[in-house]
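# Coordinate inspection notes
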Amino acid sequence: MSEQDFISQQIAMAGRMTRINTVDLLQVNTVAGVDLAYWKEEATEYAVCCIVVIDYHTQEVLERVSHVDQVFVPYIPGCLAFREVPVFLEAYEKLKIVPDVVFFDGNGYLHPRHMGLATHAGILINKATVGIAKRYYQIAGADYDMPANTAGTFTDIRVGGEVYGRALRTHVNVRPIFLSVGNAVDIETATQMADRLTTKESHVPLPTRLADLMTHQMRKEYQDIRAKKRISSF
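Residues numbered from 1 in each chain as written. Predicted model: local features only at pLDDT ≥ 70, side-chain atom pairs only at ≥ 80, totals over all residues. Heavy atoms only, no water.

### Focus: unusual backbone geometry
With a phi angle near 60 degrees, Glu42 is a residue other than glycine that sits in the positive phi range. Along the chain, Glu42 falls in the loop between strand S1 (30–41) and strand S2 (44–55). (Helix = DSSP H or I, 4+ residues; strand = E, 2+ residues; numbered from the N terminus.)

This is the structure:
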């Protein structure tokens, strides 16, 4: 598929996403975090997707799964989901616990066509999803105002008067994260969840933080396994 093919598919899929909130915070019991890591072996690129499911109330880790696969889609700005969704879906199928809400390391509505990874994946799995990005993805030249240096403060990121996402400061004296709805949740509910799930150890909410840590571990394990296989083949 070409870049234009990807964009056309995003435009078609965007009509299937909803920002109507389906999340009752009193009924949420489990939240998953998703992250991916990449590496190359000569000309071949691989990715590992890790998903960590935690208890929303106690923050106990309930389940961890991972999946590694070859990546065939090149990096195209604005089309990252087409690289990551296939690996994510394989990992998601391994879960025994179906999470109530899924947090992705990436964007959702904060995207030129409102189709960041959190939205794209949320539509496919028919779940409430939230995008949590550590770096700002600028849309249509729109910048953001830095939130006040107080935990829990935020500024809305607007394009043409419409809120695309939020710059959220989760701790004093740390850079903000960039939150956007993925699917089937509103930005107020997503913000409340992100605040609740942020611990003192990191400015990133716990689900995606744990998934990020796991990707580094699993990438090394998979690299070591493949290296041993190459050595044994000689």
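### Considering the environment of Lys94
On the secondary structure map, Lys94 appears in the loop between helix H2 (81–92) and strand S4 (101–105). When its relative accessible area of 41% is taken as the criterion, Lys94 is described as partly exposed. Sequence spacing of Lys94 and Val65 is 29 residues, and the spatial spacing of their C-alpha atoms is 6.6 Å. Residues within four places of Lys94 in sequence aside, it is in contact with Glu63, Val65, Ser66 and His67. In terms of polar contacts, Lys94 uses its side chain to reach the backbone carbonyl oxygen of Ser66, at 2.8 Å. (Buried < 20%, exposed > 50% of the residue type's maximum accessible area, 1.4 Å probe, protein only. Contact = heavy atoms within 4.5 Å. Polar contact = N/O pair within 3.5 Å; in protein donor to acceptor, adjacent residues only side chain to side chain.)

### Quick notes on the packing of aromatic side chains
Overall, the coordinates contain eight aromatic pairs when judged by the stated rule. Judged by centre distance (5.7 Å) and plane angle (20 degrees), the rings of Trp39 and Tyr46 are stacked. Here Trp39 and Tyr46 have matching classes, each one buried. Ring geometry for Phe88 versus Phe104: centroids 5.1 Å apart, planes at 70 degrees, classification edge-to-face. With a gap of 16 residues between them, Phe88 in helix H2 and Phe104 in strand S4 connect regions that are remote in the sequence. A connected cluster of aromatic rings, assembled from ring pairs, spans Phe88, Tyr92 and Phe104. (Phe/Tyr/Trp six-rings, centres within 6.5 Å; stacked < 30°, edge-to-face > 60°.)

### Focus: the pairing of strand S7 (residues 162–169)
On a regular strand, each side chain points to the face opposite its neighbour's, so the side chains alternate between the two faces of the sheet. Burial analysis of S7 places six of its eight residues in the buried class, which makes it a mostly covered element. Bridge count for strand S6 (residues 153–159) against S7 is seven bridges, and the pairing is antiparallel. The residue of S7 that forms the bridge with Phe154 is Leu168. Counted along the chain from S6 to the antiparallel partner S7, the turn is two residues long, and its residue Gly160 has a positive phi close to 60 degrees. Relative to strand S8 (residues 177–183), S7 runs antiparallel, the two being bridged by three bridges. Bridge pairing links Leu168 to Ile177 in S8. (Pairing = 2+ DSSP bridges.)

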